[in-house]
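An overview of the molecular structure
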Amino acid sequence: MIDRFVNVVRTKVQKMLFFLTALLFSSLAFSAIDALNFSSTAQETDYHQLTQSLRCPQCQNNNIADSNASIAVDMRTKVFDLLKEGKSKEEIVDYMVARYGHFVTYDPPMTKSTLILWVAPLLSVLFGLFFLLKRKPKAPSAVVSGNVLTEEDNARLDKLLKQKDN
């Protein structure tokens, strides 16, 4: 009977170890880190600066260093390859812009296609100010329109106020 109990416990322990091992390896698969061999520390610094400054086209709010999207992985690989070829940071950014558009940079330049995005807020503020300054007042005041009481009306008003007080 004790042998049977030991076998059951051993089986459960083996299953638990198998489960924990599978869990460990599955978490390692999701947290894969790019192992890149740089020829200098300056090249590694350029790589990290470029991957932080280029936006992922799929994620849109992440840079390619923080994104796990397949296009971001491809872009990181291309940045590494271009750095290995001896390209400068400006040439790599120009390559990415030519391939993916100005969206991959966080500060798109003013071009004909983006001019409306730069000018529209300014025009809407100017239009609003113009509209506020040109609108007419709702009702004219009595003093401005010349509706001042005559001597006779003032005497009558005084008489009515005195009657009310009594």
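Keep in mind that this is a model prediction, so the values were computed, not measured.

**What about the UniProt feature "transmembrane region" (unreviewed entry) in the protein?**
Per the UniProt entry, the sites bearing "transmembrane region" (unreviewed entry) are residues 115-133 in this numbering. Counted over residues 115-133, helix gives 100% and strand 0%. Its end C-alpha atoms are 27 Å apart.

**So, the state of the cysteines**
Under the defined criterion, the tally for this structure stands at zero disulfides. Unpaired in this structure, cysteine 59 has its nearest cysteine sulfur neighbour in cysteine 56, at a distance of 3.6 Å.

**Comments concerning the nonpolar core**
By size, the foremost hydrophobic cluster in this structure holds 16 residues, and its most contacted members are Leu54, Ile64, Val79, Leu83, Ile92, Met96 and Val104. Counting residues per element, the ones that place at least two in this core are helix H2 (41-53), helix H3 (70-84) and helix H4 (89-100). The element contributing the most residues to this core is H3, with six residues. Residues contacting leucine 54, with those up to four places away along its chain left out, are Asn63, Ile64, Val79, Met96, Val104 and Tyr106.

About the criteria used
Residues numbered from 1 in each chain as written. Predicted model: local features only at pLDDT ≥ 70, side-chain atom pairs only at ≥ 80, totals over all residues. Heavy atoms only, no water. UniProt positions renumbered as here; feature names shortened; annotations may be inferred. Helix = DSSP H or I, 4+ residues; strand = E, 2+ residues; numbered from the N terminus. Disulfide = S-S within 2.5 Å. Core = buried A, V, L, I, M, F, W, Y, C linked by side-chain atoms within 4.5 Å. Buried < 20%, exposed > 50% of the residue type's maximum accessible area, 1.4 Å probe, protein only. Contact = heavy atoms within 4.5 Å.

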